[in-house]
Every structure is written in structure tokens, then in C-alpha cells.
Amino acid sequence: MIQRPRGTRDFGPAEMFRRRKAEQAMRDICHRFGFGEVVTPTFELSELFTLRSGQSIVDEMYVFKDKGDREIALRPEITASVIRLFVNEMSNLPKPLKLYYVGNCFRYENPQSGRYREFFQLGAELIGSENPETDAEVISLAVHCIRAAGLQDFHVRVGHIGVMKSLVLNEVQDSALAGNVLRMIDKEDFDAMGDMFDANSLSRNLFDRITTLAETKGGTEILDSVDDAEAQQYLKELFEILKLQGVEDVELDLGIVRGLDYYTGMVFEIDAPKLGAEKQILGGGSYTLSELFGGEAVFSTGFAIGIDRVMLALEAEQEPAEYTPLDAYVVPTEDPMRKYAFAIVSKIRSKGLRADVDLMRRNMSKNLKYAASAGAKFAVIVGKDEMAKRSVTLRDMKTGEQTLVPADFVAEELEKALSKGSP
Ligand code: HAM
């Protein structure tokens, strides 16, 4: 047997039904907020990501040379691709641009529950506007998407990376060292950060100021303790608009640094507490990337939702949505009836209902067993005596109740019976 590569998964029909349901609910919300879908390539020139995405992402990238000796990377995220698309083909369009995407991403990480080497994101980028209402619109979209997917227990944290970045970059002159400090803050690994401070003779006073800032978390009441007056005013307006959009229960968290390097201002994360270690189901914030890709400097705000983690969180929270792949399974009672069974299944399908028919030449009782295991709501029995009267029998697979209906109107009768069954 050939195993699938470590950190990848296969998805069966029942799981895909649930994933598509959650995904469709989130797509609908994106459209409701005025975002249009874009699709970008699964692989890009690796430079697109090495320019600014940050060392931790670069270390995890799948990179290879193609036959033309170009260095190619499987995309570790989709934001850089969307901004490349914007710079190359959309920069003359009226702003702001509201774009969303759904796609697979690849990171060579240590696989565990909720952490995969191929995973799926639904993300959105609002390009060309920089103010608190833009950021509020994006956070609000994110929260509405998560709610629409059906998740109830989640926790939104909003911060401002400018505050921590300016503290670290002003005080730590060596930019590589400053980058390492920011990465450790992101991982909340303050022990290792302490060791690094000692090894590089950085001051304990700076260490204390960083850890105090990283622990500045709470409700809007702590906004007054934000030292940076500009960031404070920005966040105050942002929280006010969020409240007016019905997005409350948002925690202010000045310790959010984010693993990607391109953020400049507001940053936010959403956690699903039931997930344990890999509980972050969304990350995002405001950034500029366009000037790096040869365009004019344009501010953007965006986020990406980890669809796999949303699905795990849903599983932890509720019974899985019922998967009934078939409305009807058509069963001929004996061999001469088989050809009529095909006429009947065609009638049902042409009405838009989901129907299947016996292809294994099973006998009636085996067919009924199969219909039950295939999750059909009704069996449509095509029998000799009934067909002589141009009728077929509908059998409700849950109750066993049987009704004789005209064969010419089998689809209409099924529709009626199905709508009676639904709550
Ligand atoms: P990110 O925080 O790297 O941000 O990823 C977003 C989400 O993708 C995470 O919160 C997590 O739920 C999910 N995720 C990341 N890595 C994995 C993995 N190995 N396995 C499963 N899920 C994972 C970004 O990607 C940015 N592009 C977000 C953004 C958009 N910022 C601005 N615009």
C-alpha cells in the first residue's frame, strides 16, 4: 500500500459534505459584505514569499526548482498572491477592492491535531483603505464568517502591532535580533527570550517593558493604559465601530505580534478554546506589501480562517450535521422490471432530486438493505403489478410507511413526501 505523505489528509463524502456546508455559509457572508472571489495559483515564484513573509514561514516552505530552473514554492499562504494579482492587474480599479479566496496552503510543519502540511484557508483582503472603519469592517466580516460556519464558542482578540514593533525596533539596533525577539513574543516563549537577552546583553528593563506590554489584555477599559497616543485613539474608534456593528466581546491584546512579518498596524486573532494547543482558527491584520511587488504603496487589511481548525472546533461543539446523500433509491422487484427502474430514476433526477438505481442486480431485500446503508430517504419500488397500473411504491426508509403513486408523477410525489418529512 502507498501511504499518503505525512501531514496530508483524504476527505470522504460525509466529511466533504460538512466542510462544503461550512465553507458555503462563509462564502455567502463574504458576498453579503461585498467581497468578490479570486483564485490564484497553488505555486508561485518563491521570491513572492521570501521578500516579506518572514523567516518562520520561509523555513517551512516547500521549495523546488522546475524544469526551467525557476525557484518555485507551494504557497504557504494566499495574501502575497492576492497582492501580486492586485499590483499586476487590478491596481487601476476603483478602491477599495474587496477580495476573498478559498484554497489549500502548504507548510512543512510538525504535524499534529490541527496542524497539517497541507491545510485550507478562507481569507479576505480589503485593499486601498486605511482607517478604523476599514479594520472594523474586516474584523466584522471575520466574526460573521465564523458565526455562519456554526461555531459558538470563540474568542476575538485585537491588538496593534505598531506599539510592540516600535518598542522593540527602537531599542534593539540589530534588525535580525529584533526579528528574533518579535518571533519569541509571538510564540510567548519568554524563557527563551530571557536567555537571548542575557546572551546579547540586552537590558532587563526592556525585557520587563516587553513582557508588561505583552500582558496588556482586557476590555476597552484598558485602552487608557496604551502609551502610544495615536494607536490608542485608533483602537478607541475601532472598538466603537465594532460595537455598532454588533461585534462585542472583543478583547484588547497588545501582545499579538503574528508569525508573518508584513503587518504594520491593527492585528487580530480568533481562538476556539475547545481546541487546546492549536486553537487559533484565524489570524489577520493591516499591512502593506504592494510596494514590495513593484506597485504603489497601498494599505490593506485582511485575515485568513483555518478551515480545518474550524471543522475540528465544530466537531468538539456539536453533533455533526446529518448527511443523507440520496433522496431516493430505485429498486426493481425482479429482472424484467430493471429497465423501467432506469426510466423512473431519470424522471426523479430531472426534477433536481438526488437519486440512484440498482446496478448490482441485487434482489429486493438486499436492495432495501443497501438503500438504508446508502442513506436514502425513500426507496422507490418498481414492481410488476404496480407497473401494470403505471404506479410505483414510495417507501419511507425511516418509518417503513409505503404509498402507491402514479409512475408519471413519481418525482412530484417524492417532492411532496420529502417536504412533509422536513421540519
Ligand atoms: P496565519 O496566521 O499564518 O495567517 O494563518 C491563518 C490561519 O490558518 C491560522 O490562524 C490557522 O487557523 C490556519 N493555519 C495556519 N497554519 C496551519 C497549519 N499548518 N495547519 C492547519 N491550519 C493552519 C495567514 O496566513 C495570513 N495570510 C492571514 C492574513 C490575510 N493576514 C492578512 N491577510
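Residues numbered from 1 in each chain as written. Predicted model: local features only at pLDDT ≥ 70, side-chain atom pairs only at ≥ 80, totals over all residues. Heavy atoms only, no water.

Turning next to the side chain of Asp 358. Checked against the element boundaries, Asp 358 lands in the loop between strand S14 (355-357) and helix H13 (364-373). Residue classification places Asp 358 among the buried positions, given a relative accessible area of 5%. Only 2.7 Å separates the side chain of Asp 358 from the side chain of Arg 338, close enough to count as a polar contact. (Helix = DSSP H or I, 4+ residues; strand = E, 2+ residues; numbered from the N terminus. Buried < 20%, exposed > 50% of the residue type's maximum accessible area, 1.4 Å probe, protein only. Polar contact = N/O pair within 3.5 Å; in protein donor to acceptor, adjacent residues only side chain to side chain.)

The next point concerns the site of the ligand. The environment of the ligand is formed by 26 residues, the closest being Glu 77, Thr 79, Glu 109, Tyr 263 and Gln 280. Phe 303 is positioned with one of its backbone polar atoms (N or O) 3.3 Å from a nitrogen atom of the ligand. Relative to its unbound accessible surface of 660 Å², the ligand loses 96% to contact with the protein. Of all elements in the fold, only strand S6 (118-127), strand S11 (280-287) and strand S12 (300-306) reach the threshold of two or more residues within the shell around the ligand. The dominant element in the shell around the ligand, judged by the number of residues it contributes, is S11, at six residues. Class assignment for the residues of the shell around the ligand results in 11 nonpolar, eight polar and seven charged. (Near = heavy atom within 4 Å. Areas by Shrake-Rupley, 256 points an atom, 1.4 Å probe, with all protein chains shown as cover. Nonpolar A, V, L, I, M, F, W, Y, C, P; charged D, E, K, R; others polar.)

Most of strand S16 (residues 391-396) is tucked away: five of the six residues are buried. One ladder, built from four bridges, connects strand S15 (residues 376-382) with S16; its direction is antiparallel. In the strand pairing of S16, Phe 378 is matched with Asp 396. Where S16 lies against strand S17 (residues 402-406), five bridges are found, and the strand directions are antiparallel. Paired with Leu 394 across the strands is Thr 403, a residue of S17. What sits between the antiparallel neighbours S16 and S17 is a turn of five residues, in which Gly 400 has the positive phi angle 85°. (Pairing = 2+ DSSP bridges.)

Pairing is mixed in the open sheet, where five strands are placed in the order S14-S13-S15-S16-S17. Looking at the sheet topology across the chains shown, the edges are occupied by S14 and S17. Each adjacent strand pair in this sheet contributes to an overall mean axis angle of 25°, direction not counted. Where strand S13 (residues 326-332) lies against S14, three bridges are found, and the strand directions are parallel. (Axes fitted to C-alpha atoms, helices over the stretch in contact; angles between N-to-C directions.)

Now for the packing of aromatic side chains. Using the criterion set out here, one finds nine aromatic pairs in the structure. Between Phe 11 and Phe 120, the aromatic rings sit 6.0 Å apart at their centres with planes inclined by 70°, giving edge-to-face as the arrangement. Within this pair, whereas Phe 11 is found in the segment before helix H1 (13-32), its partner Phe 120 is found in strand S6, the two being separated by 109 residues in sequence. Residue classification places Phe 11 among the partly exposed residues on the basis of a relative accessible area of 24%. Ring centres 5.5 Å apart and planes at 80° place the aromatic pair Phe 197 and Phe 207 in the edge-to-face group. Of this pair, Phe 197 sits in helix H8 (residues 190-199) while Phe 207 sits in helix H9 (residues 204-214), and the two are 10 residues apart along the sequence. (Phe/Tyr/Trp six-rings, centres within 6.5 Å; stacked < 30°, edge-to-face > 60°.)

As a further point, take the nonpolar core. Among the nonpolar cores identified, the biggest contains 102 residues, and Val 158, Ile 185 and Ile 210 are the most heavily contacted of them. Considering every element that reaches this core, the biggest residue donor is helix H5 (residues 132-149), with nine residues. By size, the runner-up hydrophobic cluster in this structure holds 22 residues, among which are Ala 341, Leu 353, Phe 378 and Leu 414. (Core = buried A, V, L, I, M, F, W, Y, C linked by side-chain atoms within 4.5 Å.)

What follows deals with the packing of H1 against helix H11 (residues 307-317). Working note: a packed helix pair is described by the angle between its axes plus the distance between those axes. Between H1 and H11, the least distance of the axes is 11 Å, while the angle of their chain directions is 110°. It follows from the interaxial angle that H1 and H11 lie roughly perpendicular. As for the relative orientation of H1 and H11, their crossing is right-handed in sense. Here Arg 18, Arg 19, Ala 22 and Met 26 of H1 come into contact with H11, specifically with Ile 307, Asp 308, Met 311 and Leu 314. The class makeup of the residues in the contact of H1 with H11 is five nonpolar, no polar and three charged. (Parallel < 35°, antiparallel > 145°, perpendicular 65-115°, else oblique. Left-handed = near helix turned anticlockwise from the far one by under 90°. Contact = heavy atoms within 4.5 Å.)

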